Structure formats: structure tokens, C-alpha cells
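One letter stands for each residue in the lines below.
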Protein chains: 2
Amino acid sequence: MSATKKSTLVLVAERAGVSIASVSRVMNGLPASDAIVERVQKAADELGYVPDATARSLKAGKTQQIALAVADAGNPVYVAMMHEISRVVTKAGYRLILSSTGSEPGDQIDLLTNLNRGFADGLVMSPLKVTDELVARIQASRLPIVVIGSLPGDVEIDNVRADSVRGVGLAVEHLVEQGRQRIAFVNGPVDTVPGAARLGGYLRALDEQGLPHNADAQVNARDFTYKAGLKAVTKLLDRSTPDSIVCANDLLAIAAIKVITARGLRVPEDIALVGMDDTDLAELANPSITSVNLGSVKRAKTAAKLLLRRLEDPDAPVRREVIQPTLTIRESTSSPARPAVDPAANPAARQAAGETAPATPEPTRNQKREPLL
Amino acid sequence: MSATKKSTLVLVAERAGVSIASVSRVMNGLPASDAIVERVQKAADELGYVPDATARSLKAGKTQQIALAVADAGNPVYVAMMHEISRVVTKAGYRLILSSTGSEPGDQIDLLTNLNRGFADGLVMSPLKVTDELVARIQASRLPIVVIGSLPGDVEIDNVRADSVRGVGLAVEHLVEQGRQRIAFVNGPVDTVPGAARLGGYLRALDEQGLPHNADAQVNARDFTYKAGLKAVTKLLDRSTPDSIVCANDLLAIAAIKVITARGLRVPEDIALVGMDDTDLAELANPSITSVNLGSVKRAKTAAKLLLRRLEDPDAPVRREVIQPTLTIRESTSSPARPAVDPAANPAARQAAGETAPATPEPTRNQKREPLL
DNA sequence: CTGTTAGCGCTTTCAA
DNA sequence: TTGAAAGCGCTAACAG
């Protein structure tokens with residue numbers, strides 16, 4: 001299986017007939033006479049010597065490793081962020097350690113304790129739930145930590161977050177512009193940071209648009225997954241007839257497509273759909289999903305850079321960055337350009353007009369309205 | 001930002017009034033008198049002492065870290081494998097280092113050199129392309145390496161692979177059973193290990209089924225991505241009229257759905273579809289995609305365990321495992337089972353049967369067919 | 001049972 | 001310029 005034994009400074013020094021200090025200098029490009037450089041290089045090559053990372057770390061007090069902790073590793077948006085962080089820190093000469101944690105604050109706290117073992121020089125984390133204790137622990141940490149996601153008040157922690165309130169606002173505004181009035185909301189758990197923020201954004205956006213709040217038009221999935229989304233959307237459609245839905249992430253939006261089309265309704269004609277996170281899934285979906293881009297990649301990149309900055313300057317002032325959202329418009333909200341305005345032939349327009357049922361019978365009506373699930 | 005300075009064995013020893021050896025023993029649960037245990041524990045608690053991982057590593061010659069190198073980190077199947085490996089090694093007390101590499105063998109070779117720096121105890125890798133040099137380097141590696149994916153001949157490297165030839169066979173057989181005869185194949189690059197294997201499987205399966213080879217019915221996407229898939233499928237449909245397509249992975253299959261529906265054709269009625277890898281995407285797609293499960297999670301798990309085994313027994317015999325594929329049947333190949341009841345009256349049932357539109361004209365039909373792209 | 005001591009492999013004064 | 005030597009924080013002989 002394996003081969004040549006591991007070679008060390010000492011071995012190289014012996015072979016080159018110099019001191020270990022000289023070998024070290026040559027390996028690090030420090031000044032040395034040509035003669036020594038040459039002999040050391042030769043010996044090192046022959047022995048296939050490469051400096052040991054652990055020994056270096058011990059000596060330097062740095063590991064060149066950065067840890068990443070995300071709660072919901074199954075969500076494509078975190079995968080995308082992970083890749084971006086990996087890219088940035090690798091370029092800076094760091095290795096990335098994946099510290100999968102559960103979604104509970106306790107898990108993250110365990111991780112913080114563990115971090116003190118010094119296996120990494122810093123941490124990027126994106127907690128789904130933030131408790132006072134977690135915040136306290138982060139602040140008390142000996143190692144630099146950058147948090148992705150909203151943090152309460154004015155805690156002095158390097159932080160980069162999305163403006164998801166504004167993000168939901170963009171979604172709602174867009175739908176209103178498309179003539180939608182009954183805008184439902186499929187959220188994840190509201191005891192999570194994103195869940196709470198997105199709900200707040202939804203309610204605020206309704207107010208801004210002068211639309212009424214309607215409890216029946218809101219539903220919370222058990223978590224931010226596709227499966228939970230199926231249940232939530234089913235529940236939603238069982239008790240209300242929205243002309244559009246804002247989903248708190250793209251997975252929930254995909255679930256919405258499934259449920260909607262399974263009921264014989266169409267996206268976007270009958271129900272328009274906006275997702276959030278603007279992950280690859282939004283593009284892959286059929287129809288593709290208009291999605292609020294919360295700048296996940298940019299957040300990831302910024303977070304990584306913030307950490308690198310603090311690593312080289314521990315006394316730099318704390319930075320709290322907010323990434324502005326944008327809206328990527330796709331098929332799920334593209335209003336069908338209908339030539340003649342015959343409400344009966346166009347359920348979306350009909351609903352937009354605030355009419356729940358036409359006075360005259362209409363062929364597809366019963367089929368479409370019939371509750372199926 | 002930070003807080004209490006780092007505390008070491010020495011600090012704890014001083015505070016407890018004992019030797020550092022005693023502290024070490026207590027921290028490691030080695031025999032010690034109750035009195036000492038108590039005093040050390042107290043001192044350690046007060047100082048918030050946790051043993052330093054780097055120092056331990058240097059002493060022990062082990063890092064408790066495992067590196068993972070996958071070429072195509074964007075592909076959901078690798079993400080799934082990553083999670084599984086993370087799960088398994090974490091449970092065994094290892095940290096996982098993500099070593100993203102490019103798809104070229106050169107990148108992987110660089111990584112192997114780097115591995116010799118000893119930042120990890122072992123490596124799990126899944127190279128997209130395998131050259132003789134890469135194989136040689138793996139064999140010459142001082143550290144245990146497990147390769148996920150096919151390896152040439154009988155090289156003595158711990159290895160776990162999928163039987164993708166059989167996998168494609170399952171797909172083709174299934175389609176034939178569904179009455180499909182003109183089975184096209186959308187592959188990725190054939191200069192990759194999976195690309196080559198899947199092509200081989202396709203040709204062989206055609207032979208076994210007594211179906212003719214048809215060059216027009218085969219196309220290779222530039223890579224295994226959605227985007228490349230769009231192009232490839234477009235090209236395919238421009239020059240042939242298959243009644244079904246086997247796609248070399250789920251991303252390509254999703255691309256196929258897009259292109260097919262954009263042309264006003266239906267999946268599965270006009271063209272049935274089988275993907276490969278059986279990722280979450282296959283379930284999320286609309287219609288959901290029948291997919292060959294190549295045991296990615298099981299492969300990942302097996303690979304991780306193989307590595308752990310070798311870590312504790314470097315002289316264990318080399319193992320080469322093959323994971324058998326299965327087929328997960330979903331909507332994209334479900335033959336429309338027409339119920340006695342009038343399908344038009346029940347859209348959900350129609351959908352569940354995998355039928356997007358009935359054969360006979362029906363009011364909403366045209367709306368549904370309307371291509372959105 | 002407990003303390004002393006010698007390294008793990010490296011970087012970095014400090015002298016020469 | 002080069003070498004000798006002192007540790008980084010820990011574990012594991014080895015004495016006592």
C-alpha cells in the first residue's frame with residue numbers, strides 16, 4: 001500500500017551535510033548561500049521531503065485551517081455558500097473543515113468549545129437559530145468568528161446578512177405589478193432566524209401594498225425542505241385560493257409547483273410563484289422559478305473575506321455587512337400575454353379582478369376548483 | 001473580540017499544584033488518585049482548559065482529519081456523498097477537510113503531494129479522470145487512500161465503485177418493458193470514467209435487447225451539467241425522434257425535461273426519461289424522474305468505512321467493492337394507466353398516472369401545452 | 001500513584 | 001551566512 005517512509009528536516013540535513021536550520025531556511029526561501037541552497041534542494045528532492053504541516057502549526061500557533069458550520073447542509077443555498085467559501089479561503093492558503101452541526105444552538109456551542117482545541121484558526125458559521133447564550137459564546141471565543149445571518153441588536157461580531165425583509169418586499173411588489181392580489185406565503189419555521197425575518201418581511205410588504213393580512217394565506221412548513229413544503233402547500237391550498245404564493249425558499253417553491261400542478265392548476269396562470277435564495281433549483285425547475293436572490297454567494301464571499309481580514313488583523317474594527325437582494329424573474333411569474341381579455345378563459349386575470357367565481361358556468365371550472373388532496 | 005488567553009497544560013498544572021504529567025493523565029482518563037483528579041478538574045474548569053489538537057497531533061503522528069476530494073462539486077450526487085462521508089468520519093472522531101480540486105488529474109496529483117504534508121490521516125477521492133500517473137501516485141502514497149469510482153484492471157487500491165454498466169442496463173430494460181424501442185442516450189464526456197462506463201453500458205444493453213445502434217440517437221454533453229444538457233438534448237432532438245432517453249445523470253435528465261416540454265412534447269407520453277444517480281433532483285423534478293440509483297450514498301459510506309478500517313489496520317488486505325444499482329421508478333416512465341373513470345374529471349389522478357395531458361382534446365389542453373420558453 | 005524528562009518536526013533567536 | 005539550541009503543547013517512558 002504505502003511506500004517511502006516520511007522524511008524530516010533531520011534526514012534532509014544529514015543527507016545534505018548541513019544543519020537543520022539551513023534546511024529550514026532553504027525550504028522557506030530565506031537567505032542562504034547558493035551552495036547550501038543547491039545541496040539542500042537536491043537532498044530534499046531525493047528524499048521527497050515536504051515540510052510537516054502539524055509541526056509547523058504547533059510552532060506557528062496557526063493551523064491554516066478554517067472551519068465552516070452550517071446548520072442545514074441539505075439546502076442547496078448552503079451548498080453554494082460552502083463552495084464559495086471554500087474557493088476564497090483555499091486561494092488564501094487555508095484548508096476548509098466542514099463542521100456539520102445540527103440546527104440547535106447547543107450543537108453550535110459544542111462546536112465553539114471544540115474550536116478552542118485549536119484545530120482551526122477561525123470559523124464561519126450560519127446558525128439557523130440564535131440564542132443569547134450562543135451570542136455570548138461567540139463573543140467570548142478566543143478565535144475569530146464570522147456569522148452569516150442576522151444577529152440581534154448591535155452585538156460586536158463580524159457579520160454579514162441578507163436583507164430578507166426587503167427581499168420578500170421585492171417578491172410581493174413584483175407580484176402586485178403582475179396584477180396579483182391574493183398573495184399567500186409559505187414559510188419555514190418561524191423560530192428560526194430566516195423564518196422570522198421572512199415572515200416580518202411578508203407582513204410589512206402587504207402593508208406597504210395596502211393588502212389585507214389573511215391568516216389563511218400563511219402557512220409554516222415544519223422545516224425548509226421539499227417534503228415539508230408539500231404538506232404546507234397542500235394545507236394552504238385546502239383552505240384558501242391565492243393567485244400567487246411567495247415561498248420562503250426555492251425548495252418550498254418547488255414543492256408548491258408539484259402540489260399546484262397535481263391539482264390541475266397552472267403556474268403561473270392560476271398561481272404565480274416566487275421562491276427565495278435563487279439557487280440552481282430555481283433555474284432547473286419546470287417552470288423555472290422567479291426567485292429572490294439574497295446574495296448567498298456574495299454573502300459567503302464577504303464572510304470569508306471578513307474572516308481572512310480579521311485573521312491578519314485581529315484588532316480591525318468589527319464589520320457588519322448587509323447584502324441587498326435582487327429579484328431574478330423567471331417563468332413562474334411571467335404573465336401570459338393574453339390577446340383578448342376574457343376573464344372566463346383566464347383564471348388568473350379573473351382572480352386578479354377579485355372575483356372568486358364567475359356568474360356563468362364555465363367548462364373547466366369545476367375540474368379546477370375541486371379540492372383534490 | 002476575543003477573551004481569555006489560551007491555557008495550557010502548564011498553566012493548569014501550576015494552578016492545581018501538580019505536574020503536567022498528572023494533568024495529562026487526568027485529561028485522558030488515565031489512573032490517578034481522587035485528590036489529584038479533583039484538583040486538576042477544578043483548575044482545568046476554572047481556566048477553561050481544553051487540550052490542544054495540534055500538539056496532540058504532532059505527538060501522536062495523527063491529525064484525526066480526513067480529506068475528501070471530489071472533482072465535480074456542483075453535482076448533487078457528490079454533495080450527497082460528501083454528507084454521508086462527513087457523517088461517518090465525524091462519528092468516528094475525525095474532522096473532514098474539503099479539498100476541492102479541478103477535474104484534471106494534475107490537480108489531484110497536486111493534492112496527493114500536499115497530503116504528504118501530513119495535514120490529514122487519509123483521503124477519500126473520486127476522480128473524474130484516471131490516468132496511469134494518478135494511479136501510480138495513489139499507490140505510492142504514504143497515506144491511506146480510498147478511491148470512489150472505477151479503477152483500471154487490478155490495481156491494489158481500496159476502492160468502491162458502482163456497476164454503471166448494469167445500471168444503464170436496468171434503465172434500458174425498464175424502457176423496453178414499457179414498450180419503448182427507440183431509446184436514445186444523452187451522455188457526458190466520454191473521456192471521463194463515468195462517461196466511458198455509461199456509454200459502454202448503453203451499447204451493451206442495446207445489444208442485449210436486440211436493439212440496433214444508432215449514432216443519431218447518442219449525444220455527449222460537454223460536461224455533466226444542466227446547461228450542457230440543454231444543448232445536448234436539443235441537438236439530439238434536432239436529428240432524431242426517440243421515444244425515450246436515458247440520461248447519464250439527473251441533471252442531464254432535468255435538462256431533457258425542459259427541452260422536451262419546450263417543444264410541446266410530453267414526458268413520459270411522447271418521450272420517456274430515465275436519469276442516473278437518483279439524486280434529490282429526480283424526486284423534485286416535474287414530472288419526477290425515474291432514475292438509476294448507483295448507490296451513491298452507500299458508496300460514500302462504504303468508502304469512508306474502508307478508510308477508517310485501513311486507518312486502524314494499515315496491513316488489512318486491499319478491498320475492492322462494487323455496489324449494485326437499483327432502479328427508482330417515478331413519473332417520467334410511468335405508462336399512463338387509464339382508469340375507468342373519466343380522467344378529465346380528476347386532474348390529480350391524471351397527474352399521478354404520469355399523464356400531463358389526455359389524448360383526447362380537453363378544454364385546458366392547449367393552455368397546458370403552450371411552450372413557455 | 002506521581003513527577004521528571006525526552007522528544008514529535010519545525011521555526012527562530014542567538015552566537016559564531 | 002551558518003549552526004546550536006530553545007521551545008510550541010502534548011504524551012509516554014521511566015524513575016521514584
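Predicted model, so just to flag it, every value in this text is computed and none were measured.

1. Considering the UniProt feature "domain: HTH lacI-type" (unreviewed entry) in chain A
The feature "domain: HTH lacI-type" (unreviewed entry), as given by UniProt, occupies residues 12-60 of chain A in the numbering adopted here. End-to-end, the C-alpha atoms of residues 12-60 of chain A are 21 Å apart, and along that stretch the chain is 71% helix and 0% strand.

2. Section: the side chain of B:Ser99
If you trace the backbone, B:Ser99 turns up in the loop between strand S2 (95-98) and helix H6 (105-115). If sequence neighbours within four positions are ignored, B:Ser99 has contacts with B:Ala67, B:Leu68, B:Ala69, B:Val70 and B:Leu111.

3. Some details on the protein's contact with DNA strand D
The environment of DNA strand D is made up of 23 residues, and the closest members are A:Ser22, A:Arg25, A:Ser33, B:Leu9 and B:Tyr49. The sugar-phosphate backbone supplies 59% of the atoms of DNA strand D found within 4 Å of the protein. B:Arg25 is positioned with one of its side-chain polar atoms (N or O) 3.5 Å from a base nitrogen of DNA strand D. One of the side-chain nitrogen or oxygen atoms of B:Lys59 is found 3.3 Å away from a base oxygen of DNA strand D. For the surface near DNA strand D, the elements supplying multiple residues, two or more each, are helix H2 (20-27) and helix H4 (53-60) of chain A together with helix H2 (20-27) and helix H4 (53-60) of chain B. If one sorts the elements of the surface near DNA strand D by residue count, H2(B) sits on top with four residues.

4. Thoughts on the interface of chain A and chain B
One widely used convention gives an interface's size as the accessible area the parts lose upon coming together. The partner chain B presents 70 residues to the 69 residues of chain A that form the contact. For the pair chain A and chain B, the summed buried area comes to about 5500 Å², and 60% of that belongs to carbon and sulfur atoms. There are zero salt bridges connecting chain A and chain B. At the surface where chain A touches chain B, the tally comes to 17 residue pairs in polar contact (both at pLDDT 80 or more). Of all elements in the fold, only H4, helix H5 (76-91), strand S2 (95-98), helix H7 (132-140), helix H11 (250-262), helix H12 (280-284) and helix H15 (365-369) of chain A reach the threshold of two or more residues within the side of chain A that touches chain B. Split into classes, the residues belonging to the side of chain A that touches chain B amount to 29 nonpolar, 21 polar and 19 charged. Note that S2(A) and S2(B) share three bridges and pair antiparallel.

5. What to know about the environment of B:Ile148
All names here are of chain B. One can find Ile 148 in strand S4 (residues 145-148). The class for Ile 148 is buried, based on a relative accessible area of 2%. Those residues within four positions of Ile 148 in sequence are excluded, and the remaining contacts are Met 81, Ile 85, Val 124, Met 125, Ser 126, Pro 127, Val 160, Arg 299, Ala 300 and Ala 303.

6. Remarks on the domain arrangement of chain A
Domain assignment breaks chain A into domain 1 (9-51), domain 2 (65-162 + 296-323) and domain 3 (164-293 + 326-352). Here domain 1 of chain A and domain 3 of chain A have C-alpha centroids that lie 65 Å from each other.

7. A few points about the sheet that holds strand S11 (residues 320-323) of chain B
The twelve strands lie next to each other as S11(A)-S5(A)-S4(A)-S3(A)-S1(A)-S2(A)-S2(B)-S1(B)-S3(B)-S4(B)-S5(B)-S11(B), forming an open sheet whose pairing is mixed. If you trace the sheet from one side to the other, it starts and ends with strand S11 (320-323) of chain A together with S11 of chain B, each paired once. Averaged over neighbouring strand pairs, the angle between their axes works out to 20 degrees when direction is ignored.

8. Details of H11(A)
Residue and element names in this part refer to chain A. With 13 residues, H11 extends 18 Å from end C-alpha to end C-alpha; this agrees with the ideal 18 Å at 1.5 Å per step. The buried fraction of H11 is high, at 13 of 13 residues. Sitting at the amino-terminal end of H11 is Asn 249, which places a side-chain oxygen 3.0 Å from the backbone nitrogen of Leu 251. One or two positions beyond H11, positive phi appears at Gly 264, with a value near 80 degrees.

9. What about the pairing of strand S10 (residues 290-293) of chain B?
Residues and elements named next belong to chain B. Of the strand pairs in this sheet, strand S9 (residues 272-276) and S10 are connected by three bridges, and their pairing is parallel. Bridged to Met 276 within S10 is Val 292. Looking at chain direction, S10 and strand S12 (residues 326-328) are connected through three bridges and run antiparallel. What sits directly across from Ser 291, in S12, is Thr 328.

10. Description of the protein's contact with DNA strand C
Taken together, 24 residues are adjacent to DNA strand C, and A:Leu9, A:Tyr49, A:Arg56, B:Arg25 and B:Ser33 come closest. The protein-proximal atoms of DNA strand C, defined as those within 4 Å of the protein, are 55% sugar or phosphate. Note that a phosphate oxygen of DNA strand C is positioned 3.4 Å from one of the side-chain N or O atoms of A:Asn28. Separating a base oxygen of DNA strand C from a side-chain N or O atom of A:Lys59 is a distance of 3.4 Å. Elements represented by at least two residues in the surface near DNA strand C include exactly H2 and H4 of chain A together with H2 and H4 of chain B. The element contributing the most residues to the surface near DNA strand C is H2(A), with four residues.

11. A few points about the relation of the copies chain A and chain B
Least-squares fitting of chain A to chain B yields an RMSD of 0.1 Å, with the superposition described by an axial translation of 0.1 Å and a rotation of 180 degrees. Considering both components of the superposition, the chain copies are consistent with a two-fold axis. Using C-alpha coordinates, one finds that chain A approaches the rotation axis most closely at A:Ile97, a distance of 2.2 Å. When you check the interface residues of chain A against chain B, 88% turn up at the interface there too, and the contact is symmetric in its surfaces.

Analysis parameters
Residues numbered from 1 in each chain as written. Chains lettered and ligands numbered in written order. Predicted model: local features only at pLDDT ≥ 70, side-chain atom pairs only at ≥ 80, totals over all residues. Heavy atoms only, no water. UniProt positions renumbered as here; feature names shortened; annotations may be inferred. Helix = DSSP H or I, 4+ residues; strand = E, 2+ residues; numbered from the N terminus. Contact = heavy atoms within 4.5 Å. Near = heavy atom within 4 Å. Polar contact = N/O pair within 3.5 Å; in protein donor to acceptor, adjacent residues only side chain to side chain. Buried area = accessible area lost by both parts, 1.4 Å probe. Salt bridge = Lys/Arg side-chain N within 4 Å of Asp/Glu carboxyl O. Nonpolar A, V, L, I, M, F, W, Y, C, P; charged D, E, K, R; others polar. Pairing = 2+ DSSP bridges. Buried < 20%, exposed > 50% of the residue type's maximum accessible area, 1.4 Å probe, protein only. Domains from an automatic or database assignment. Axes fitted to C-alpha atoms, helices over the stretch in contact; angles between N-to-C directions. Expected span 1.5 Å × (residues − 1). Least-squares fit on C-alpha atoms with pLDDT ≥ 70 in both.

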